[in-house]
Amino acid sequence: MLHDTTHITDRPVILSLAGLSKTFGTLKAVDDISLSIPEGEFLTIVGPSGSGKSTLVRILAGLEAPTSGDLFLRDTQITQSPANKRPTAMVFQSLALFDHRTVGQNIEFAMKMKGVPAADRRNRALELLQLVRLPEDYYSRPVTQCSGGERQRVALARAFASDPEILFFDEPLSAIDYRLRKTLEVELKELHQRTGRTFVYITHSLEEAMVMSDRIAIMQSGRIVQTGTPAEIYSAPVNRFVASFMGEVNILTLEKDTGGKQVFSEIGQPVQAARGAYAMIRPEALELGPGEITTQLTVTQRLMLGSRTQVHLVSELGATLISELPGTAPELDIGTTHPFSFSTEDIAWMDE
Amino acid sequence: MSQRSSPGPWFAAPVAIFMLVCFAAPIFIVAWYSLMPSRTFGLTGDLTLENYRSAVTDGYTRPLMWSLIGAATTTLATAILAWPTAVILHRYAGRWAAVASALIALPIFISESVRLFGMSVFMMPRGGILAGTMNAVFDIQIGSILNTWSAAQIGMIYIHLPFMLFPLLLGVSLIPADRIEAARDLGATRWQTFREVELPLAAPGLLIGMLLTFVLCLGANAEAAILGGRAVTVITAAIEQRFNYAQDWPMGAALTVIVILVTALIVLPVLSRLDLNRLTRR
Ligand SMILES: Nc1ncnc2c1ncn2[C@@H]1O[C@H](COP(=O)(O)OP(=O)(O)OP(=O)(O)O)[C@@H](O)[C@H]1O
Ligand SMILES: [Mg+2]
C-alpha cells in the first residue's frame, strides 16, 4: 500500500526541535535550530561539509546532548533521554555494523536486546531481509563477507528491526559508487512510502535530496537557512548559497550605472522591476537568439549531455555563464559569438 | 637464474636452532628425568611412571590446586580492575593517558621481591605502615593479613596488573566508538553494550592479557613466600623443594611436566581462538 504524501504538512508533528544549539569550545556547530517534522515525512537536511548536519542528527538520536534548546517527541520532552530509550534508529555513515556477527545477528540485535524469543527474531529478520531485497541465505553470512551495497541493506534492515518511529540517516550512501547510489536512493524512497515511517536524511548532495525528499532543510554554518519542498527550493532559493548549492546556475549581480539605472554588472544589460540584489538564471533559461534581455556571448567550451548540449560562455565584460540547449547545437563552435537571451519571468531574485 | 631456492628456511634457521637448543632440549631432558626412578641422578635408569603415581598419591594435587586457584583468581581480578582502567585511559584520559600508562608500567622495572617486601612492610601488624598509621593517626587498632593466603593473593594481583592492563588497552582501542553508539541507538543498555559489543571486540587483547597473567601466576612463587608466609604451598614451591632440599630430581621433573601439561591444556584452546591479525590490524 502506498501512503499519500501530498498532505504531509496536515499530519500531526512527531518531532519538534525548539532552539537546539550545540557548541564545541567556541564553535557553534548547531546554532539555534527550530523545526517541526510531521509524521511520515521524508525530510532531508542538506549542507556542505562542517555545516553541523551530523551534530544535529546525533542530538536528535540522543547520541549527543545539546548545549541548549529542547526536543519533543509528539508532546513529550526527550531532550535528556538516552539513545536507547528513544523510539528512533540511525543508519550511520560508517554503517557501524557489528563485524564480529552474522547478517542475521546484526539485524536481530535490537530485538535480542528487548528479549524477543529467538524464533520470532529469526522470522522477523527473514522478513526484513526481504524488505531490503537481500536473499534469505544471507541470514547466516558474516557481514564481513558482504559487498558495500549489501552492507548498506543490512544496516537498513538492522535499523528497521527496532521498529523505530523515526529513522535517521547520516550520509549512508556517500561512500557508494554513482549507479548503485541511484538504485539505493530509489529503493529508500520506496521503502519510505511502503513503511510510512518518518525519515530524516542527511546528505551534502542537493541532487540526492531532490530525488527523495518531501521537504528539504538547507544548513549553513550550524543554521537552517531555508526549508521547503524540492520544487520550492528549486524555483526560489533564498540566497546565493542555496542557489549555488544546486549545481551549475548563473548568478548575476545588480548594480546602478552612472545614469541611476539598474544593470546586471556581469553583462552590462539593464533590467526593469528588479526584486532583489541578485538574479539566478538556470542554464536552460539562457536561450540562443535574441529575446527580452539579450547579450552577446562567446563560446569557450561545449559539452554533450546526451540529448542536450551545455555551453560555457564568456560575456564581453569577462563574466562566465552557462547555457543548456536542446539537441546538439551545431552552430555553437568554440570561439564563435552569438546573441543569448533570457526573460525576467525565469529569474529567481535573491537579496543576499 | 639457475635454481629457485626459497630463502625462508635459511632465515628461520638461527631462530629454529635457538629454540631447539634452549627450549625443546631442556623440556625433553626434564620429561626424560621424570621417567627415572625416584631419587636417582642419572638419565640411564629404567623408565617408570612411578613418579607420576606418587605425585597424585603423595598429595601434590593440593599445591597444584592452590596455584590454579591463585592464577584463576588473579586473572579474574586483574581483568575486572584493568577493564575500567583501560577504558578510562583510552577514551577519557587524552594526553594524560601516556603519563598514566608510564606510571603504571614503572614498577615493572623494580625487582618483584623488592616490591613484595615493600608490601609486606605495609601490611605488618602493629608497627607496619598501614596498622601503625591507623593507630597513630586515627587511634584504630587493626590486625594484619600478612602471612595468609589473602595477602599472597593481593600481592599477585598487584604484581600482575600491568600484564593484564597493557594488552587490554590494546584490546579496548580495537572497539570503534560508532559500534558502541550503534548498540546504544538500537536499544542496548550499558551492560548489554558491554557484553554484546565491547567485550567481543576487545577479546583479542583481553585473551592475551588473561593468558599472560594466568601463565605467569602459575609459575609465581614469591608472593606466597613473602606475603603468604608459606601459609599454603604453591606448586612452584613444591617443585623447588623437590629439586633442592629433597634432592628428588625425578619427582621435581614429574611435577614440572604436570604443570606444563596443565598449562598447555588451558592455554592452547584459547590461543587457537585468538585472531592475532585483528590485533595487529592486518
Ligand atoms: N566532538 C566534537 N568536538 C569538537 N568539534 C566537533 C565535534 N564534532 C563536530 N565538531 C565540529 O563541528 C562542526 C560540525 O561538524 P559536523 O560533523 O556536524 O558536520 P557535518 O555537516 O556533518 O559535516 P560532514 O558533511 O563533513 O559530515 C565541524 O566544524 C566539526 O569540526
Ligand atoms: Mg557528517
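Above this text you will find the structure in question.
Here's what I pulled together on the structure shown here. Computed from a prediction, not measured in an experiment: that's the story for all the values here.

Topic: the overall build of chain B
Right, so step 1: Secondary structure assignment for chain B yields 13 helices and 0 strands.
Right, so step 2: Counting from the amino terminus, chain B carries its helices and strands in the arrangement α-α-α-α-α-α-α-α-α-α-α-α-α.
Right, so step 3: Its C-alpha radius of gyration of 24 Å places chain B more than 25% over the 19 Å reference for a compact globule of 282 residues.
Right, so step 4: Oriented by its inertia axes, the alpha-carbon framework of chain B measures out at about 80 × 70 × 35 Å.
Right, so step 5: Going through the 282 residues of chain B one by one, you find that 39% of them count as buried.

Some details on the packing of helix α1 (residues 8–33) of chain B against helix α12 (residues 249–273) of chain B
All names here are of chain B.
Right, so step 1: Running from amino to carboxyl end, α1 crosses α12 at an angle of 120°, the nearest separation of the two axes being 7 Å. Judged by the inter-axis angle, α1 sits oblique to α12. Here the hand of the crossing between α1 and α12 comes out left-handed. Residues Val 30, Ala 31 and Tyr 33 of α1 lie in contact with α12, whose contacting residues are Trp 249, Pro 250, Ala 253, Thr 256 and Val 257.
Right, so step 2: Partitioned by chemical class, the residues of the contact of α1 with α12 number 7 nonpolar, 1 polar and no charged.

As for the nonpolar core
Right, so step 1: Membership of the largest hydrophobic core comes to 56 residues, with the highest contact counts inside it found for Leu 15, Leu 17, Ile 45, Leu 56, Phe 109 and Phe 168 of chain A.
Right, so step 2: At 6 residues, helix α3 (residues 61–92) of chain B tops the list of elements feeding residues into this core.
Right, so step 3: For Leu 56 of chain A, the contacting residues outside a window of four places in its chain are Leu 17, Leu 20, Val 30, Ile 33, Ile 45 and Met 219 of chain A.
Right, so step 4: In terms of nonpolar packing, the next biggest core, distinct from the first, is built from 35 residues, Leu 128, Phe 160, Leu 167 and Ile 176 of chain A among them.

Some words on the sheet that holds strand β1 (residues 13–24) of chain A
Residues and elements named next belong to chain A.
Right, so step 1: Strand order in the open sheet formed by 4 strands is β2-β1-β4-β5, and the pairing between neighbours is antiparallel. One side of each edge strand has no neighbouring strand; the edge strands of this open sheet are β2 (27–38) and β5 (76–77).
Right, so step 2: Bridging between β1 and β2 involves 8 bridges; their strand directions are antiparallel. From the neighbouring strand, Ser 16 faces β2, where its bridge partner is Ser 36.
Right, so step 3: Sheet strands in contact with helix α1 (residues 53–61) are β1, β2 and β4 (68–73), and its direction is about 125° off that of β1.

What to know about a negative patch on the surface
Residues and elements named next belong to chain A.
Right, so step 1: On the surface, Glu 284, Glu 287, Glu 292, Glu 345 and Asp 346 cluster together into a negatively charged patch.
Right, so step 2: As for its placement among the helices and strands, Glu 287 is situated in strand β14 (residues 287–288).
Right, so step 3: With a relative accessible area of 45%, Glu 287 lands in the partly exposed category.

Structural notes on the site of ligand 1
Residues and elements named next belong to chain A.
Right, so step 1: In the vicinity of ligand 1, the contacting residues are Phe 24, Leu 27, Ala 29, Pro 48, Ser 49, Gly 50, Ser 51, Gly 52, Lys 53, Ser 54, Thr 55 and Glu 171.
Right, so step 2: Within the side chain of Ser 54, one N or O atom sits 2.7 Å away from an oxygen atom of ligand 1.
Right, so step 3: Alone, ligand 1 offers 630 Å² of accessible surface; in the complex the protein occludes 59% of this.
Right, so step 4: Elements that contribute at least two residues to the shell around ligand 1 include exactly β2 and α1.
Right, so step 5: Top element by residues in the shell around ligand 1 is α1. It accounts for 3 residues.
Right, so step 6: Of the residues contributing to the shell around ligand 1, the split by class is 4 nonpolar, 6 polar and 2 charged.

Some remarks on unusual backbone geometry
All names here are of chain A.
Right, so step 1: With phi around 50°, Arg 74 is a residue other than glycine that occupies positive phi space.
Right, so step 2: By the element assignment, Arg 74 lies in the loop between β4 and β5.
Right, so step 3: The exposure class assigned to Arg 74 is partly exposed, which follows from its relative accessible area of 35%.
Right, so step 4: Residue Ala 96 is not a glycine yet carries a positive backbone phi of 50°.
Right, so step 5: With respect to the element layout, Ala 96 can be found in the loop between β6 (88–91) and α2 (103–114).

Topic: the pattern of salt bridges
Right, so step 1: Across all of its chains, the model carries 28 salt bridges over all chains by this definition.
Right, so step 2: A salt bridge links Arg 179 of chain B to Asp 99 of chain A; its shortest N-O distance comes to 3.4 Å. Taken together, the residues Arg 179 of chain B in helix α8 (residues 177–185) and Asp 99 of chain A in the loop between β6 and α2 connect one chain to another.
Right, so step 3: Owing to a relative accessible area of 29%, Asp 99 of chain A belongs among the partly exposed residues under this scheme.
Right, so step 4: A salt bridge links Lys 112 of chain A to Glu 196 of chain B; its shortest N-O distance comes to 3.3 Å. Of this pair, Lys 112 of chain A sits in helix α2 while Glu 196 of chain B sits in helix α9 (residues 190–218), placing the two residues on different chains.
Right, so step 5: Members of the salt-bridge network, linked through shared partners, are Asp 99 and Arg 151 of chain A together with Asp 178 and Arg 179 of chain B.

What about the interface of chain B and chain A?
Right, so step 1: The partner chain A presents 24 residues to the 16 residues of chain B that form the contact.
Right, so step 2: Where chain B abuts chain A, roughly 1,700 Å² becomes buried across the two surfaces, and 56% of that area is made up of carbon and sulfur atoms.
Right, so step 3: Considering only the surface of chain B that becomes buried against chain A, Asp 185, Leu 186 and Glu 196 of chain B emerge as the three largest contributors, covering 41% of it.
Right, so step 4: Between Arg 58 of chain A and Glu 181 of chain B there is a salt bridge, and its shortest N-O distance comes to 2.7 Å.

Quick notes on the packing of aromatic side chains
Residues and elements named next belong to chain B.
Right, so step 1: Tallied over the full model, the rule gives 16 aromatic pairs over all chains.
Right, so step 2: Judged by centre distance (5.9 Å) and plane angle (65°), the ring pair of Tyr 33 and Trp 249 falls under edge-to-face. Residue Tyr 33 is found in helix α1, and its partner Trp 249 is found in helix α12; the two are separated by 216 residues along the sequence.
Right, so step 3: The exposure class assigned to Tyr 33 is buried, which follows from its relative accessible area of 12%.
Right, so step 4: For Trp 249, a relative accessible area of 32% puts it in the partly exposed group.

A closer look at the side chain of Asn 84 of chain A
Right, so step 1: For Asn 84 of chain A, the position within the fold is in the loop between β5 and β6.
Right, so step 2: Those residues within four positions of Asn 84 of chain A in sequence are excluded, and the remaining contacts are Arg 184, Gly 187, Ala 188 and Thr 189 of chain B.

Each value, and the rule that gives it
- Residues numbered from 1 in each chain as written.
- Chains lettered and ligands numbered in written order.
- Predicted model: local features only at pLDDT ≥ 70, side-chain atom pairs only at ≥ 80, totals over all residues.
- Heavy atoms only, no water.
- Helix = DSSP H or I, 4+ residues; strand = E, 2+ residues; numbered from the N terminus.
- Rg over C-alpha atoms; globule rule 2.2 N^0.38 Å.
- Buried < 20%, exposed > 50% of the residue type's maximum accessible area, 1.4 Å probe, protein only.
- Axes fitted to C-alpha atoms, helices over the stretch in contact; angles between N-to-C directions.
- Parallel < 35°, antiparallel > 145°, perpendicular 65-115°, else oblique.
- Left-handed = near helix turned anticlockwise from the far one by under 90°.
- Contact = heavy atoms within 4.5 Å.
- Nonpolar A, V, L, I, M, F, W, Y, C, P; charged D, E, K, R; others polar.
- Core = buried A, V, L, I, M, F, W, Y, C linked by side-chain atoms within 4.5 Å.
- Pairing = 2+ DSSP bridges.
- Patch = residues over 30% accessible without salt bridge, like charges linked within 9 Å, V, L, I, M, F, W, Y side chains within 5 Å.
- Areas by Shrake-Rupley, 256 points an atom, 1.4 Å probe, with all protein chains shown as cover.
- Salt bridge = Lys/Arg side-chain N within 4 Å of Asp/Glu carboxyl O.
- Lys, Arg positive; Asp, Glu negative; His and termini not counted.
- Charge placed at Lys NZ, Arg CZ, Asp CG, Glu CD.
- Near = heavy atom within 4 Å.
- Polar contact = N/O pair within 3.5 Å; in protein donor to acceptor, adjacent residues only side chain to side chain.
- Buried area = accessible area lost by both parts, 1.4 Å probe.
- Phe/Tyr/Trp six-rings, centres within 6.5 Å; stacked < 30°, edge-to-face > 60°.

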